[in-house]
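Summary of structural features
This is what each chain is made of:
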Amino acid sequence: MGGAPIVFLGDSITYQLTTEGREFWNRHFAEGKYRAENFGIPGDNTCNVIYRLQNGLLDGFEARVVVFMLGTNNLEEYEPGEIFDALKYCVGLIREKQPRATIVLSPVPLCGERPNSALRIKALKVNALLPELVDGQTVLWCEWSHRMLRPDGVLSRLVMRDDFHPLAVGQQYR
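Notes on the structure in this doc start here.

1. Some thoughts on the nonpolar core
Among the nonpolar cores identified, the biggest contains 33 residues, and Leu9, Leu53, Leu58, Phe68, Leu87 and Ile94 are the most heavily contacted of them. Within the residue set of this core, elements represented by two or more residues are β1 (6–10), α3 (46–54), β3 (65–69), α4 (80–97), β4 (102–105) and α5 (118–129). Take this core: its biggest share by element is seven residues, from α4. Contacts of Leu58, omitting those with residues within four sequence positions, involve Val7, Phe39, Leu53, Ile94, Lys97 and Gln98. Phe8, Trp25, Val67 and Val104 belong to the second-largest nonpolar core, a separate cluster that totals seven residues.

If you want it as structure tokens, here you go:
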């Protein structure tokens, strides 16, 4: 495991950087000085990541940056406040395991094709809370999800194959 100066941690959307977005990933993260590692696992939710963090995922090496994006797989089952609390706990665990790393916190992706979709509204509510975790030094905010939307707020099928996962062209918006 690990040793990379940059670690990506999340679910299938993070994982897909190395599959659907392989060319982008290789060019910007895997090759050269970054040697980034991707610890995204399809289907992961906050409970899974908490377990992995508590059981050695980030142990035994020192990362400079941990890019953290999670929460999509919690949207159907949990309320925004509960998701926020779990993400806050994850950020605390990342800080504990990698105290010298900068955490780049990404929003819960804006899922659902239409602006009024229930999951989109929930994601927006979680995302409105997440900046509370940002201090501008050890935890940074990286808002990118709005770039996936058309001007009318509809999730473009040109960048997303479904309501959740970016196509290769959509990876560059992140």
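2. Focus on the packing of α3 against α4
With their axes 10 Å apart at the nearest point, α3 and α4 run at an angle of 20° to one another. On the basis of their axis angle, the class for α3 and α4 is roughly parallel. As for how α3 packs across α4, the hand of that crossing is left-handed. From α3, Thr46, Val49, Ile50, Leu53 and Gln54 reach across to α4, where they touch Ala86, Leu87, Tyr89, Cys90, Leu93, Ile94 and Lys97.

3. Topic: the pattern of salt bridges
Side chains that differ in sign of charge can pair as their charged atoms come close. All told, the structure shown has four salt bridges when counted by the stated rule. Asp59 is paired through a salt bridge with Lys97; the nearest N and O atoms lie 3.4 Å apart. With a gap of 38 residues between them, Asp59 in the loop between α3 and β3 and Lys97 in helix α4 connect regions that are remote in the sequence. Judged by its relative accessible area of 37%, Asp59 is partly exposed.

4. Quick look at the packing of aromatic side chains
Throughout the structure, instances matching the rule amount to three aromatic pairs. A ring pair is formed by Phe8 and Trp25, whose centres lie 4.9 Å apart and whose planes are at 70°; its orientation type is edge-to-face. Of the two residues, Phe8 sits in strand β1 while Trp25 sits in helix α2 (residues 22–30), which places them 17 residues apart along the sequence. Taking the relative accessible area as the measure of exposure, Trp25 reaches 5% and is therefore buried. Ring geometry for Phe8 versus Phe29: centroids 4.9 Å apart, planes at 70°, classification edge-to-face. Linking Phe8 in strand β1 with Phe29 in helix α2, this pair joins segments that are 21 residues apart in sequence. Accessibility expressed as a relative area gives 7% for Phe8, which makes it buried. Put simply, the rings of Phe8, Trp25 and Phe29 touch in pairs and so form one group of aromatic residues.

5. Comments concerning the side chain of Lys122
Tracing the sequence through the fold places Lys122 in helix α5. Within the buried core, Lys122 has no salt-bridge partner, and the shortest N-O distance to an opposite charge, that of Glu79, equals 4.1 Å.

6. A look at the sheet that holds β4
Reading across from one edge, β2-β1-β3-β4-β5 is the order of the five strands in this open sheet, with parallel pairing throughout. Because the sheet does not close on itself, it has two edges, and the strands there are β2 (37–38) and β5 (139–141). Note that β1 and β3 share five bridges and pair parallel. When the sheet's bridge partners are listed, Phe8 is paired in β3 with Val67.

7. Regarding α3
Owing to its 3.6 residues per turn, the α-helix aligns residues three or four sequence positions apart on the same side. Taken residue by residue, α3 has Thr46, Val49, Ile50, Arg52 and Leu53 as its buried positions. Around the axis of α3, the buried residues are gathered within 165° of arc, so they sit on the same side. Structurally, α3 contributes buried residues whose contacts are with β1, β3 and α4. The N-cap of α3, judged by a side-chain oxygen 2.9 Å from the amide nitrogen of Cys47 a few residues on, is Asn45. Downstream of α3 by one or two residues, Gly56 has phi in the positive range, about 100°.

Reading the values: rules and limits
Residues numbered from 1 in each chain as written. Predicted model: local features only at pLDDT ≥ 70, side-chain atom pairs only at ≥ 80, totals over all residues. Heavy atoms only, no water. Core = buried A, V, L, I, M, F, W, Y, C linked by side-chain atoms within 4.5 Å. Buried < 20%, exposed > 50% of the residue type's maximum accessible area, 1.4 Å probe, protein only. Helix = DSSP H or I, 4+ residues; strand = E, 2+ residues; numbered from the N terminus. Contact = heavy atoms within 4.5 Å. Axes fitted to C-alpha atoms, helices over the stretch in contact; angles between N-to-C directions. Parallel < 35°, antiparallel > 145°, perpendicular 65-115°, else oblique. Left-handed = near helix turned anticlockwise from the far one by under 90°. Salt bridge = Lys/Arg side-chain N within 4 Å of Asp/Glu carboxyl O. Phe/Tyr/Trp six-rings, centres within 6.5 Å; stacked < 30°, edge-to-face > 60°. Lys, Arg positive; Asp, Glu negative; His and termini not counted. Pairing = 2+ DSSP bridges. Arc of directions from axis to C-beta. Polar contact = N/O pair within 3.5 Å; in protein donor to acceptor, adjacent residues only side chain to side chain.

Bear in mind that shape data such as this cannot, by itself, settle questions of function.
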